[in-house]
Amino acid sequence: MIADDLAAALDAALTAAGLEPPGPGIEIVPTKNRDHGDWQTNVAMVLAKTVGAPPREVAARIVAALEAAAPRHVARVEIAGPGFINFVLAPTWLYDVMAAVIAEPVTYGHGDAYAGLAVNLEFVSANPTGPLHAGGGRWVAVGDAIANLLAAQGAQVHREYYLNDAGRQLDTFTASLLARYRDEPLPEDGYQGGYLIDMAAAMRAELGDDVDAEQAADWGYQAVVRELRDDLARIGVHFDTWFSERTLHERGDVAAVLAALRAGGHTYERDGAEWLASEALGDQRDRVLVRSNGTTTYLTNDLAYHRDKLARGWTHLIDIWGADHHGQVKSLQVAMRALGIGTEAAPEPEIMLGQLVKLERGGVVVRLSKRTGTVITLSDILDEVDPDVARLTFLLQGIDTSLTFDLDVVTAASMENPVYYVQYAHARVSSIARRAAAAGVARPPFAEIDPSVLVHERELDLLRSLAEYPEMLRHAAALRAPHRVTTWVRDFASRVHGFYRDCRVITDDPELTHARLWLVEATRIGLAGSLTILGVSAPESMARLEADEDEPDAAG
RNA sequence: GCGCUCGUAGCUCAACGGAUAGAGCAUCUGAUUACGGAUCAGAAGGUUGGGGGUUCGAUUCCCUCCGAGCGCACCA
């Protein structure tokens, strides 16, 4: 590819000019502004200091060497601005891009940055005390997309859901369920959500009128987990493992972790409890491992859990947490290090914090709480919009920013959702292919077409986007930032629509028609590939939008 | 009080330390007897919260102030 060619040429030029080879901070990237050529490098500016000459002077030496042995496709090399070296390329470089896309219709842009890495990605993991709420959909969509991103870089990825089925919250849940079942007052800070009334009725229908506490605990837990699975299936996310916290206690994993920490001299007694000396390791303060009543804290259990994931063979752990849990990040990572796992620079687990979703309805914030009973579930959302809309809405922005999910905008006015804009682009290009086939216009083998007839700016813009796609994917994976894929595909879709408008594909000119049909195919590959990473479908056709006036009026 | 995260166009958000900070929505102007108009073209909109620093270059990194959200349990 062109990036490698340019890098090699630059490397050689630096040597020829008697300069140091490229080091950190030096980049060869596509230009943002077409006035600056097609690709650019900042090498002269970075080297200026050590060379002891002005950047433009250094650039001049490099350019002289570059011109002596110009790499393929390079039409011109220019020095610009503070010392950028700009490469002006012939369009032929883009025809190479097109060939590369066509050669890998399913995996174009994928890489091997994480080949050999076995990642355990834990996300969602909402407590099994009720249905997934609407805001939790963010972790569903983001986690699944990150898994896809990592897999596209060669990692083996395992999606895992942790069920906190051993804590006090589950007891409270059971007590609440039982209270609803017996039509008694809810316990102090019980779950007030209306869903428990429905569950109690379902339990009565299934088990009769003599359910005891133990049966209720078991049935309630099973019912909730079943519901969680169903909700996730509705949005198309599959977890490879549903891990039960109880297992850790039953197998003695928790006790084993405690023993290891004691052996390492990281624990001490105070006030009848057992503490981890975590402040000395970099935590804000020391943490309790074993309460004075003899039970272990979440931290101890979590340590056992993460150690188990590694014991199961995963070489890297990633957790996605809500930002409201950020206070626990340091504790867990520091304690893992006390167990000899991970380093300060590369902690295990890697924890991604995501800002919580703010739900609005008609511009008014809706506060959600299973406790107080205000529950808008993911399932409620999926009753109104299809999974693609829900997913892309959650993937529009980075997880560092708090996301406002306006239920009215996303549901009632869903036609404005960007997902349709992108999917429509895919439906359009698919339509062109169908149209051509119906008209008896066969696409000759790619090797037999002449791509050089593709000279329209719209056509070249499509190929430029596709040229950047692999790097974008690699970067999005490294940053665990699927919203970059969303940004890319929205921009790409915009170029597709522009191309569609200005460049008729099926014409009287067979050569142009053939080349454009292949360009359309490359475009389809880019759209479908990126949407697949996002977990959004790429439809070949869409239902025609009906004009608002055609909607049956409430008065009529 | 301590800590984490954030502050970019009217609104919602982008932007590997790079050149003139970009999109969508909303507003205003235009384009269609259609390879699907759920589209396209254009206009307008900014002291990137304030102030310092690092450097050839800062929305990005560091310090400080202001503002917002969230944590600071022998709950998870």
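Residues numbered from 1 in each chain as written. Chains lettered and ligands numbered in written order. Predicted model: local features only at pLDDT ≥ 70, side-chain atom pairs only at ≥ 80, totals over all residues. Heavy atoms only, no water.

Undergrad: Could you give an account of the overall build of chain A, with specific residues and numbers?
TA: Scanning chain A for helices and strands turns up 19 helices and 15 strands. For chain A, the C-alpha atoms occupy an extent of roughly 85 × 75 × 40 Å along the three principal directions. Considering chain A as a whole, with its 556 residues, one finds that 49% of them fall into the buried category. A separation threshold of at least 6 residues defines the contact pool for chain A, and within that pool the share at least 24 residues apart is 72%. (Helix = DSSP H or I, 4+ residues; strand = E, 2+ residues; numbered from the N terminus. Buried < 20%, exposed > 50% of the residue type's maximum accessible area, 1.4 Å probe, protein only. Contact = heavy atoms within 4.5 Å.)

Undergrad: Could you give me a rundown of the pattern of salt bridges, with the residues and numbers involved?
TA: Enumeration over the complete set of coordinates arrives at 25 salt bridges. With a shortest N-O distance of 2.8 Å, Asp38 and Arg34 are connected by a salt bridge. Looking at Arg34, the relative accessible area reads 39%, which means it is partly exposed. Each of Glu160, Arg251, Asp253, Asp308 and Arg312 takes part in a single network of salt bridges with overlapping partners. (Salt bridge = Lys/Arg side-chain N within 4 Å of Asp/Glu carboxyl O.)

Undergrad: So what's going on with the packing of aromatic side chains? Which residues, and what values?
TA: Two numbers describe a pair of aromatic rings. These are the distance of the centres and the angle of the planes. Following the criterion strictly, the structure yields 14 aromatic pairs and no others. With a centroid separation of 6.4 Å and 10° between ring planes, the pair formed by Tyr268 and Trp275 is classed as stacked. Between Tyr469 and Trp488 the ring centres are 4.6 Å apart and the planes differ by 45°, which places this aromatic pair in the tilted class. One end of the pair, Tyr469, is in helix α17 (residues 457-479); the other, Trp488, is in helix α18 (residues 483-502), with 19 residues separating them in the sequence. We classify Trp488 as buried; its relative accessible area is 8%. A connected cluster of aromatic rings, assembled from ring pairs, spans Tyr108, Tyr469, Trp488 and Phe492. One Lys or Arg, Arg204, reaches over the ring of Tyr181 and ends 4.3 Å from the middle of that ring. Positioned above the aromatic ring of Trp242, the side-chain terminus of Arg229 is 4.6 Å from the ring centre. (Phe/Tyr/Trp six-rings, centres within 6.5 Å; stacked < 30°, edge-to-face > 60°. Lys NZ or Arg CZ within 6 Å of the ring centre and 35° of its normal.)

Undergrad: Describe in detail the environment of Met1, supporting the description with residues and values.
TA: Tracing the chain through its elements places Met1 in the segment before α1 (2-16). For the pair Met1 and Ala100, spaced 99 residues apart in the sequence, the C-alpha separation amounts to 8.7 Å. Those residues in contact with Met1 that lie beyond four places of it in its chain are Val97 and Ala100.

Undergrad: Got a sec to walk through the protein's contact with RNA strand B? Specific residues and values, please.
TA: Around RNA strand B lies a shell of 66 residues, among which Glu27, Arg291, Tyr424, Arg428 and Ala543 are the nearest. Looking at RNA strand B alone, sugar and phosphate atoms form 57% of those within 4 Å of the protein. In the environment of RNA strand B, a sugar or linking oxygen lies 2.8 Å from a nitrogen or oxygen atom belonging to the side chain of Asn164. Between RNA strand B and Cys503 there is a distance of 2.6 Å, counted from a base nitrogen to a backbone nitrogen or oxygen. Of all elements in the fold, only α2 (43-51), β4 (84-89), β9 (273-276), α16 (418-438), α17 and α18 reach the threshold of two or more residues within the surface near RNA strand B. Along the lines of polarity and charge, the residues of the surface near RNA strand B split into 23 nonpolar, 26 polar and 17 charged. (Near = heavy atom within 4 Å. Polar contact = N/O pair within 3.5 Å; in protein donor to acceptor, adjacent residues only side chain to side chain. Nonpolar A, V, L, I, M, F, W, Y, C, P; charged D, E, K, R; others polar.)

In short, geometric facts, not functional conclusions.
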